[in-house]
Every structure is written in structure tokens, then in C-alpha cells.
Amino acid sequence: AQRSYKRGNNAFYAGDIPKAVYYLKRAVSADGENVRYIVDLISVLNQAGMYEDSFSYGARGLALELNDTDRSIILFHMGEACYCLGLNEPSKRYIKASLEAAPEGPFAADAAVYGAELEKCADTQENSGWTDARKGRTARTDRCRAPTDAGLASSRCCLKRPRHR
């Protein structure tokens, strides 16, 4: 698991997102209890535009014993995935829960930007101009770039150099 994680980490830093996804999924498959593997995988999945997979792995991560910071990061990425899929209400809930879990967490500023963006959106998907990818339509990918353009404080990925646990 550690070897796959390191390979995924190296692939990420080399800019090879598909390879990073492959190796991080292998790491999670080998050690599904390792929070760092799951956190980094869901982050990279969001970057790869694989939002439904990211959300699924995030839900899996929430089932683990987590500290407030890791819970906040997972909730943030789940909210980001919903946002990119055009699912406003679930995104609002996850972003709010992320801020509640760790108000000063590493994605608190980003969550505040997403929250402000979501407040500007209509409460329903039909009125917001965004579509739900699960209904057979594709969410507009430029939506996922809007918060970045609005000045997110940190990168869209929480992948860090490996921490020793």
C-alpha cells in the first residue's frame, strides 16, 4: 500500500493525474483504513473530474475514525464534488459541515468561497443553469473553475508530501 501511495504521490507531483488516480486507488484498495490515502485519492479524483468516484470514496472515508481536520477535508472535497456536478443543496450541506468540523482547517478559506458562490446560486438545479450528471447530462466544467478564479486561498488539491502516521 505504501509503495502504491508513494507512486501515486510522485505521479501527482509529476502532473500525471491518471497515473496518480491509478496508484492511489491501489493504495486505498490495499489499506482502506488509511485516512491519508483516502483524503489524497478523493482530492485527485476531483482534479481528474471524477466527481462521483470522489464522493463515493469520501463517504467511505467518513465511516473511519477521523480527527476534525481530516473530517473537514473529506467533507470539503465531497462538497466540491457536488458543486462540480451542479448539486447545490448537497454541496451547501457538505461545505457547511466542513467549516463546522474545523473552522480554521486547511480548506476553511476555500469553503467560505464555495459557500459564497453557492449562496449566489438558485436553490434548485433547474433554476441554477447547471445540470445533474446522473440524469444523463453533463455538468458544465467551467463551474468547477469559477471558485478558483474567485481566489481560493489554497490549491484545489490537499495532496501533501507523505506524512508518517
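Residues numbered from 1 in each chain as written. Predicted model: local features only at pLDDT ≥ 70, side-chain atom pairs only at ≥ 80, totals over all residues. Heavy atoms only, no water.

**Student:** What am I meant to see in the packing of helix α6 (residues 88-101) against helix α7 (residues 108-120) here?
**Tutor:** Packed helix pairs are characterised by how far apart their axes lie and by the angle those axes make with each other. It is the contact of α6 with α7, at a shortest axis distance of 9 Å, that shows an interaxial angle of 150 degrees. Considering their axes alone, α6 and α7 lie roughly antiparallel with respect to each other. α7 is crossed by α6, and the crossing has left-handed handedness. Of the residues in α7, those in contact with N88, S91, K92, I95 and L99 of α6 are A108, A111, A112, Y114, G115, L118 and E119. Here the residues of the contact of α6 with α7 sort into seven nonpolar, three polar and two charged. (Axes fitted to C-alpha atoms, helices over the stretch in contact; angles between N-to-C directions. Helix = DSSP H or I, 4+ residues; strand = E, 2+ residues; numbered from the N terminus. Parallel < 35°, antiparallel > 145°, perpendicular 65-115°, else oblique. Left-handed = near helix turned anticlockwise from the far one by under 90°. Contact = heavy atoms within 4.5 Å. Nonpolar A, V, L, I, M, F, W, Y, C, P; charged D, E, K, R; others polar.)

**Student:** So what exactly am I meant to see when it comes to helix α3 (residues 35-47) here?
**Tutor:** A turn of α-helix holds 3.6 residues, and therefore any two residues three or four places apart point the same way. Here α3 spans 19 Å end to end across 13 residues, near enough to the 18 Å set by a 1.5 Å rise per residue. Within α3, twelve of the 13 residues are buried, which leaves it mostly tucked inside the rest of the structure. Within α3, the full set of buried residues consists of V35, R36, Y37, I38, V39, D40, L41, I42, S43, V44, L45 and N46. Of the surrounding elements, those touching the buried residues of α3 are α1 (2-13), α2 (17-30), α4 (51-62) and α5 (68-85). For α3, the capping residue at the N-terminal end is N34, with a side-chain oxygen 3.0 Å from the backbone nitrogen of R36. Just beyond α3, the residue with positive phi is G49, at close to 80 degrees. (Expected span 1.5 Å × (residues − 1). Buried < 20%, exposed > 50% of the residue type's maximum accessible area, 1.4 Å probe, protein only. Polar contact = N/O pair within 3.5 Å; in protein donor to acceptor, adjacent residues only side chain to side chain.)

**Student:** Please clarify how α5 should be interpreted in this entry.
**Tutor:** Along its 18 residues, α5 runs 26 Å from first to last C-alpha, staying within 8% of the 26 Å computed at 1.5 Å per residue. Among the 18 residues of α5, 15 are classified as buried, and the element is accordingly described as predominantly covered. Where α5 begins, one side-chain oxygen reaches toward the backbone nitrogen of T69, 3.0 Å away; that side chain belongs to N67.

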